[in-house]
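Observations on the model geometry
One letter stands for each residue in the lines below.
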Amino acid sequence: MNSAAIATQGLTRRFGALTAVDDVNLRVAPGQFFGFLGPNGAGKSTTIKMLIGLLAPTAGRIEILGLDLAANSLEVKRQIGAGEVPEGMALFGRLTGAEYLNFAGRMYGLDRETAANRAAELLDFMQLADQPKKLVTDYSHGMQKKLALAAAVIHGPKILFLDEPFEGVDAIASGTLKVMLQSMIARGATIFLTSHVLEIVERLCSHLAIIHRGRLVAQGSLEELRAGVEAQAAAALPEDCAHAPAVPGEKLTLEEIFLRIVGGSRPVDQELSWLS
Amino acid sequence: MAELTVAPGVREQLAAVARVRWQLFVNSLRTLRGRMELVSHIFITLGFAAGGIGGLAASCGAAYYVVSRGKAEWLAIILWPIFFFWQLFPVVATAFTENFDTSNLLRFPLSYSSFALIRIVYGSLEPATMLSSLWLLGVASGVAMASPPLFPWAAIALLLVAAVNILLARMIFSWVERWLAQRRTREILGVFFLLFIISFQLIGPLMSRYGRSAHPDLRQFADRVLPIQRLLPPGTAASAIASAADGDYAIAAGTLGILGIYGAAIFWFLDLRLRAQFHGENLSEAPALAESSGQRGIVRAGWSFPGIPGSVAAIFEKEMRYLSRSGPMLFTLIMPVFILFIFRLTPSTSHRGSGSFLGGSSDMAFPIGAAYALLILTNMVYNNFGSEGAGVQMYFTAPVLIRSAILAKNLAHSTILALEMVLVWIGASLIYKPPALGTTLATLSGILFALPVNLTVGNLLSISSPKKIDYGTFGRQRASNTTVFASFGVQIVVVGLAAVTLMAGRSFDRVWLATIVFLVFAAVAWVVYSVVLKSIEHMAFGHREELIAELTRAS
């Protein structure tokens, strides 16, 4: 597992009788923009929580940048950023944005001056600098998202974990975030992202993994996944043609690939007929 | 297709809220922690039940005694303590009081009357209302036993007293919450309080000069205040019952009318707040803060202290900033001085006293204030992470040891307690007289012992039994039942031990002996504290999932 930025081996997490994550073997190479997809309840959040140290695995092993997470948790945490975590953003509502970023910087080991300077830069970049006295609790959802992301990168992490970073963020902010994330990739960082907005994942991510009912059902580059699905479709029964591209010769979109892999179309006719 | 043709009724909405609360309770029993909470709740309820039933019997007996002797107007002596308990207990004992959050209800098609009713009814489901209602029932029973024909009058008068108290408690809560929510109103309130306490320095000499001859005992005190107290709700209720006992039914009815006017006036003030809440008022600091000019592009460097790691200093700074922005928490911090002030006003039952409670032992004001200051820190010390919300996750994702975070919080709470000691010392000096050096040293060394005991148990409970609290909303700083129960036990042992030691030293005129004993205890307690702190990392990681789940859950 040595050359991987993120690697898991037999990663499993059970909650009583429920196996939320079942024997997952992930491998994310350094510098990849990696999309981690799955339907609701598939095990994405549980996996990401284990990867950033919020949840202990029932079984299996996690290596980040070649270090065992369980044995070197402090060293690993210095290298990663995880501002947006599955259980809501890790924000402190009764601080101002600047105070929060300052706090985050010092929690990651930056000295006072560096933390303050980077906090000012990040506030400016995220367009959060115009209300310096506003408390985080009074920020809009989109502003909180941007602040959480700023806190996640203030120490210059080598790996960034993001859970639904574009959810509730306006188009302008979304553009800002994408620019920032792509520049991080260009500088050699690795980004591990979960999102339900498949168009964004398709545009940003070079590699993907799909988890379904706790098990990893696909992993590879977008082209590899597409080729796999198309090969399966070619060998499949005629009724599966419903999922074929609308125009022959066009590439399958990520949404089509995703639906092929996890299944998921259901007829909505005659359901909830009382809705006006 | 079904149509929404009928607006939901108040009764259905009240029932729906009751069902939700019941379902939340049932769901909470699924976890071990939830079941422990229930057990603690049962013990706390049993304690309150004992107080309630004891008070009921006492108030019944007292009411029977005064009415059977034809002194129904003396019912005021029973009704006044009930009134004070009803209004002060929720403020003084915040650990036992919870403010029901109804803001989420605003999204439903709720009429204003339903909203107001839900706020009043469910907001009143707290110990002070329950106990006081029981005691009023005792008064009514006593009156009925002494004079059955008087019962209907007593029942109406006491029901009105209950209504006035419920409305008044809600009104005080909602207005104090409003004033404490924003820095500007908080500062105005703080200045008023400061002036009030300082003015006591002037009133004190006057009271001691005229007090001895004016009211050396309770009876003379009561004689003096009786005419004034008749104009206020408890006295008005007693007057109405007394008038009915004398056969002056018109006067009795008129007096009950005055009580009704009190209720209506209080409701009017409460209504102002409830309407503002119903219309979605925002009590955040944002408007006030937005006005102040912040310098864009410049971020001030965080705090630093020699020899303290940056992460610990950062958490310490965060704790202090949270406290400075929490009106309710700042309010509770002035309560020890407020308590001394209440003691100063309370008449002494002893002929030896100088006219007030503690009058003969005014050097005990500082130890009592200090013990109370320690008690009110319980909500913070025993629920270290309660106010973090989802932010708690940062302690587990950042490269920082949990014990460093806990140490920073302990440092912050110790600093607050030190400031409290200064405040209490000044308050005791102004309201009574400057405590003697021996008493001051004994008290401080007692605190030096009690602090590590509380921090140690508090750290363990903060991890094993956390509860999400809201620093910004009055009455939502309550820890879990398990924590309240356990901390109460610790306080009884620690404060009890300290009180016995101090009293023993005092009675032998050797207060310095108590100081030495406390310092020995303190040395042992600090050793235990550091041992527990060193081993807390493993425990914190073992509990991180419950900790995060509790603090990130929706309210």
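Criteria and cut-off values
- Residues numbered from 1 in each chain as written.
- Chains lettered and ligands numbered in written order.
- Predicted model: local features only at pLDDT ≥ 70, side-chain atom pairs only at ≥ 80, totals over all residues.
- Helix = DSSP H or I, 4+ residues; strand = E, 2+ residues; numbered from the N terminus.
- Buried ≥ 20, exposed ≤ 12 C-beta atoms within 10 Å, placed from the backbone.
- Contact = placed C-beta atoms within 7 Å.
- Nonpolar A, V, L, I, M, F, W, Y, C, P; charged D, E, K, R; others polar.
- Domains from an automatic or database assignment.
- Core = buried A, V, L, I, M, F, W, Y, C linked by C-beta atoms within 7 Å.
- Axes fitted to C-alpha atoms, helices over the stretch in contact; angles between N-to-C directions.
- Parallel < 35°, antiparallel > 145°, perpendicular 65-115°, else oblique.
- Left-handed = near helix turned anticlockwise from the far one by under 90°.
- Pairing = 2+ DSSP bridges.
- Expected span 1.5 Å × (residues − 1).
- pLDDT = per-residue confidence, 0-100.

**Let's talk about the overall build of chain A**
Broken down by element type, chain A carries nine helices and 11 strands. Per-residue burial over chain A gives 48% buried out of 276 residues. Across chain A, contacts joining residues at least 24 apart in sequence account for 68% of those joining residues at least 6 apart.

**A few points about the overall build of chain B**
Secondary structure assignment for chain B yields 22 helices and zero strands. Taken over 555 residues, chain B has a buried fraction of 44%. Residue pairs at least 24 apart in sequence account for 81% of intrachain contacts in chain B once pairs closer than 6 positions are excluded.

**Examining the interface of chain B and chain A**
Facing 42 residues of chain B, the contacting portion of chain A comprises 45 residues. The dominant element in the side of chain B that touches chain A, judged by the number of residues it contributes, is helix H12 (residues 310–324) of chain B, at six residues. Taken together, the residues of the side of chain B that touches chain A sort by class into 18 nonpolar, 15 polar and nine charged.

**Details of the domain arrangement of chain A**
Residues and elements named next belong to chain A. What the domain assignment lists for chain A is domain 1 (6–221) and domain 2 (222–262). With centres defined by C-alpha atoms, the gap from domain 1 to domain 2 works out at 30 Å. Taken together, the contacts link 12 residues of domain 1 with 10 residues of domain 2. Those elements giving two or more residues to the side of domain 1 that touches domain 2 turn out to be helix H7 (198–204), strand E10 (207–212) and strand E11 (215–221). Top element by residues in the side of domain 1 that touches domain 2 is E11. It accounts for four residues. Here the side of domain 1 that touches domain 2 is composed, by residue class, of eight nonpolar, three polar and one charged.

**A closer look at the nonpolar core**
If you look at the biggest cluster of nonpolar residues, it comprises 112 residues, and the most contacted ones within it are Tyr100, Leu101, Ala119, Leu147, Phe161 and Ile191 of chain A. Among the elements that line this core, the one with the most residues is helix H5 (residues 141–153) of chain A, at seven residues. Here Leu101 of chain A is in contact with Ala119, Leu122, Leu123, Ala150, Ala151 and Ile154 of chain A, once residues within four sequence places are set aside. Of all hydrophobic cores here, the second largest spans 58 residues; its members include Val337, Met380, Ala442 and Phe518 of chain B.

**A short note on the packing of H12 of chain B against helix H18 (residues 402–431) of chain B**
Residues and elements named next belong to chain B. Contact geometry for H12 and H18: axes closest at 8 Å, N-to-C directions at 45 degrees. Considered as vectors, H12 and H18 are oriented oblique to each other. In terms of crossing hand, the pair formed by H12 and H18 is right-handed. Taking contact as the criterion, the partners of Ser311, Val312, Ile315, Phe316, Glu319, Met320 and Leu323 in H12 are, on H18, Ser404, Ala405, Leu407, Ala408, Lys409, Leu411, Ala412 and Ile416. Here the residues of the contact of H12 with H18 sort into 11 nonpolar, two polar and two charged.

**Quick notes on the pairing of strand E5 (residues 59–64) of chain A**
Residue and element names in this part refer to chain A. With five bridges connecting them, strand E1 (residues 6–15) and E5 associate as antiparallel partners. Directly across from Ala7, in E5, lies its bridge partner Glu63. For E5 and strand E6 (residues 67–68), the ladder comprises two bridges, and the chain directions are antiparallel. If you follow Glu63 over to E6, its bridge partner there is Asp68. In this structure, the hairpin formed by E5 and E6 is closed by a connection of two residues, where Leu65 is found at a positive phi of approximately 50 degrees.

**Things to note about the environment of Leu55 of chain A**
Along the polypeptide, Leu55 of chain A turns up in the loop between helix H1 (44–52) and E5. Between the C-alpha atom of Leu55 of chain A and that of Ala71 of chain A, which follows or precedes it by 16 residues, the distance is 15 Å. Look past the residues within four positions of Leu55 of chain A in its chain and what remains in contact with it is Arg13, Thr46, Lys49 and Met50 of chain A together with Glu545 of chain B.

**Thoughts on the packing of H18 of chain B against helix H22 (residues 536–552) of chain B**
All names here are of chain B. One way to put it is that H18 packs onto H22 with a least axis distance of 8 Å and a crossing angle of 105 degrees. Judged on the interaxial angle alone, H22 and H18 are roughly perpendicular. Contacts between H18 and H22 pair Ile402, Arg403 and Ile406 from the former with Ile536, Glu537 and Ala540 from the latter. Across the contact of H18 with H22, the residue classes break down as four nonpolar, no polar and two charged.

**A short note on the pairing of E10 of chain A**
All names here are of chain A. Of all six residues in E10, five are buried; the element is thus mostly enclosed. Bridge count between strand E4 (residues 33–37) and E10: four bridges; the pairing is parallel. Note on E10: the bridge partner recorded for Gly35 is Leu208. The pairing of E10 with E11 spans six bridges and is classified as antiparallel. Within the sheet, the bridge partner assigned to His212 lies in E11 and is Arg215. Hairpin connection between E10 and E11: a loop of two residues separates the two successive antiparallel strands, and Arg213 in this loop has a positive phi of roughly 50 degrees.

**Regarding helix H20 (residues 481–507) of chain B**
Residues and elements named next belong to chain B. Taking 1.5 Å as the rise per residue, H20 with 27 residues should run 39 Å; its terminal C-alpha atoms sit 37 Å apart, in good agreement. When H20 is considered as a whole, its buried residues turn out to be Asn481, Thr482, Thr483, Val484, Phe485, Ala486, Ser487, Val494, Ala498, Thr501, Leu502 and Gly505. Check the buried side of H20 and you find it contacts helix H2 (32–68), helix H15 (365–376), helix H16 (378–381), helix H19 (437–464) and helix H21 (511–534). Immediately downstream of H20, the backbone of Asp509 shows phi near 60 degrees, a positive value.

**Here's the deal with unusual backbone geometry**
Residue and element names in this part refer to chain A. We note that Leu65 has phi near 50 degrees; this positive angle belongs to a residue other than glycine. Within the secondary structure, Leu65 sits in the loop between E5 and E6. With 19 C-beta atoms packed within 10 Å, Leu65 lands in the partly exposed category. Even without being glycine, Glu164 reaches a positive phi, approximately 50 degrees. Among the structural elements, Glu164 can be located in the loop between strand E8 (159–163) and helix H6 (171–186).

**Description of the confidence of the model for chain B**
Chain-level statistics for chain B give a pLDDT mean of 81 and a share of 81% at 70 or above. Across the predicted assembly, pTM comes out at 0.76 and ipTM at 0.84.

**Some remarks on the environment of Ile82 of chain B**
Residues and elements named next belong to chain B. Summarising the element assignment, Ile82 is placed in helix H3 (residues 75–92). The sequence separation of Ile82 and Leu131 amounts to 49 residues, and the corresponding C-alpha distance is 9.0 Å. Setting aside residues up to four positions removed in sequence, Ile82 forms contacts with Ser132, Trp135 and Leu136.

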